[in-house]
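# Structural overview
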2 protein chains.
Amino acid sequence: MAVRVRIVGVGMGPHQVTPEAADALRAADYAIAADKGPDDGLLAVRREIAAAHDLPVVAVPDPKRDRQPEGDGAYVGAVAHWHAARVAAYEAVLAERGGTAAFLVWGDPAFYDSTIRIVESIAARGVVEVEYDVLPGISALQLLAARSRIVLHDVGQPLHVTTGRLLAAAVAGGQTNIAVLLNRSVELDGLEDWTIWWGANLGAAGERLVSGRVGDVAEAVVAARDAAKAEAGWVMDLFLLRAPAPGQDDDGAA
Amino acid sequence: MAVRVRIVGVGMGPHQVTPEAADALRAADYAIAADKGPDDGLLAVRREIAAAHDLPVVAVPDPKRDRQPEGDGAYVGAVAHWHAARVAAYEAVLAERGGTAAFLVWGDPAFYDSTIRIVESIAARGVVEVEYDVLPGISALQLLAARSRIVLHDVGQPLHVTTGRLLAAAVAGGQTNIAVLLNRSVELDGLEDWTIWWGANLGAAGERLVSGRVGDVAEAVVAARDAAKAEAGWVMDLFLLRAPAPGQDDDGAA
């Protein structure tokens with residue numbers, strides 16, 4: 001009999017778990033959660049959400065990942081290696097326990113998250129027969145927008161979502177409204193006249209928000225990022241950058 | 001005393017109203033909802049959600065909007081005119097009723113929605129003193145991804161979110177992973193080898209999903225769009241388009 005897997009976006013905390021997600025958690029037999037070590041603040045929140053829905057947690061030690069790979073293609077290669085190790089670890093749990101497993105995904109499984117691809121890989125291997133579905137959750141980008149009380153784009157205009165690694169390419173390509181996720185640091189050189197809405201650890205311990213003209217707040221962003229990490233033991237941050245309106249001068253007047 | 005306004009994303013239906021959104025609805029005195037006429041299917045869903053939280057609804061007839069403006073800048077001008085009319089209508093309700101008002105936003109207020117800008121405009125006019133906050137909701141784009149069981153981008157790569165009006169510009173600009181919202185029709189000429197994940201009326205009456213190679217499914221998309229509209233009396237659709245991998249031939253092999 002196939003193992004049933006529910007990939008459940010839990011949003012940015014217990015107050016954002018949708019009724020359909022709550023139903024899925026209550027109906028599952030156990031949750032599988034990556035355990036990144038004793039300072040894994042997100043594991044603690046996942047345990048809290050699981051407990052609120054009477055769901056036992058199987059914590060799986062997360063494989064080590066090379067976060068500073070060297071050479072062409074090394075980033076993709078490092079991700080692939082980490083991916084394969086996670087596939088093997090989760091497959092073993094599903095094979096042993098069967099039933100219905102839930103993955104509690106922080107935020108939304110559709111944005112910069114590996115869970116769907118891991119479950120696809122397990123299904124493709126065929127060692128364990130798997131049926132799976134996905135439930136959406138509130139993402140960090142949405143919480144940044146809500147806390148900042150902004151729409152993520154100008155009227156009828158595009159939103160470009162990318163990573164810190166590719167921010168410079170997006171700017172060079174003419175994008176003027178850019179959401180940036182997965183930052184190892186915040187690099188804003190040359191963007192002093194843009195507007196930034198920045199947030200860290202949204203919905204969790206250490207939450208910080210900073211917004212304003214980049215030239216005015218870049219130092220405050222770095223300080224707030226350090227403070228978030230000091231408070232929580234980890235930091236996940238993201239930001240929206242918007243180019244100055246055409247013809248706008250340094251005073252911000254049109 | 002200031003009127004309190006809660007801008008509440010309710011997701012794509014009652015099963016996606018988060019606990020924090022539910023708390024905000026229960027604590028409000030009334031909801032303000034645009035009434036687009038007797039066939040307004042989204043008003044009916046909003047009424048259902050409001051009733052579930054003991055919240056009376058003040059339905060405000062929606063100003064007419066010119067959906068086919070002619071000439072340069074006419075699109076922005078038509079939106080601005082519609083915007084001003086809505087501001088006046090909602091301001092009148094807030095001035096008369098006071099207390100705490102909730103706007104129930106279908107999906108998420110951060111994506112292609114006018115509510116935040118309308119409330120900002122009311123606050124800026126100063127006729128009614130307003131304090132407001134925003135709560136995020138699950139967006140159609142996220143539900144499309146969940147139903148399709150996909151991540152919205154390739155590993156570590158960008159997602160470009162735009163409108164049907166600007167799709168051709170995004171393709172010309174080299175974007176290879178494009179989410180397209182606000183379509184008056186679905187224009188896919190020249191994109192036959194791309195992959196599409198398309199959905200209409202997600203979470204509501206008439207829900208339809210189609211995915212595959214554009215050249216193979218373009219006709220099915222048009223037929224499903226017509227069927228959704230026939231069933232619900234309205235259609236809101238969106239899609240994700242992904243370019244073929246570099247070097248991929250017509251058989252889809254690398």
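Cut-offs used in this document
- Residues numbered from 1 in each chain as written.
- Chains lettered and ligands numbered in written order.
- Predicted model: local features only at pLDDT ≥ 70, side-chain atom pairs only at ≥ 80, totals over all residues.
- Heavy atoms only, no water.
- Least-squares fit on C-alpha atoms with pLDDT ≥ 70 in both.
- Contact = heavy atoms within 4.5 Å.
- Domains from an automatic or database assignment.
- Buried area = accessible area lost by both parts, 1.4 Å probe.
- Helix = DSSP H or I, 4+ residues; strand = E, 2+ residues; numbered from the N terminus.
- Buried < 20%, exposed > 50% of the residue type's maximum accessible area, 1.4 Å probe, protein only.
- Lys, Arg positive; Asp, Glu negative; His and termini not counted.
- Salt bridge = Lys/Arg side-chain N within 4 Å of Asp/Glu carboxyl O.
- Polar contact = N/O pair within 3.5 Å; in protein donor to acceptor, adjacent residues only side chain to side chain.
- pLDDT = per-residue confidence, 0-100.

### Considerations on the relation of the copies chain B and chain A
- Between chain B and chain A, the superposition needs a rotation of 180° and an axial shift of 0.0 Å, giving an RMSD of 0.0 Å. Taken together, the turn and the small shift mark the pair as related by a two-fold rotation axis.
- Take the interface residues of chain B: 100% of them recur as interface residues in chain A, which is what a same-surface contact looks like.

### A few points about the domain arrangement of chain A
Residue and element names in this part refer to chain A.
- When the domains of chain A are assigned, the result is domain 1 (3-135) and domain 2 (140-242).
- Placing a centre on the C-alpha atoms of domain 1 and another on those of domain 2 gives a separation of 26 Å.
- Residue-level contacts link 10 residues of domain 1 with 14 residues of domain 2.
- For the pair domain 1 and domain 2, the summed buried area comes to about 1200 Å², and 65% of that belongs to carbon and sulfur atoms.

### Structural notes on the side chain of D108 of chain B
- Within the secondary structure layout, D108 of chain B lies in the loop between β4 (100-105) and α4 (115-125).
- Despite its burial, D108 of chain B remains without a salt bridge, the nearest opposite charge being carried by R117 of chain B at 12 Å.
- Looking at D108 of chain B, its side chain comes within polar contact range of the side chain of Q142 of chain A, at 2.4 Å.
- Among the polar contacts made by the side chain of D108 of chain B, one reaches the main-chain amide nitrogen of A110 of chain B at a distance of 2.8 Å.

### Notes on the confidence of the model for chain A
- Mean pLDDT over chain A stands at 91; residues scoring 70 or higher make up 94%.
- Overall fold confidence (pTM) sits at 0.92, and the ipTM for the predicted complex is 0.91.

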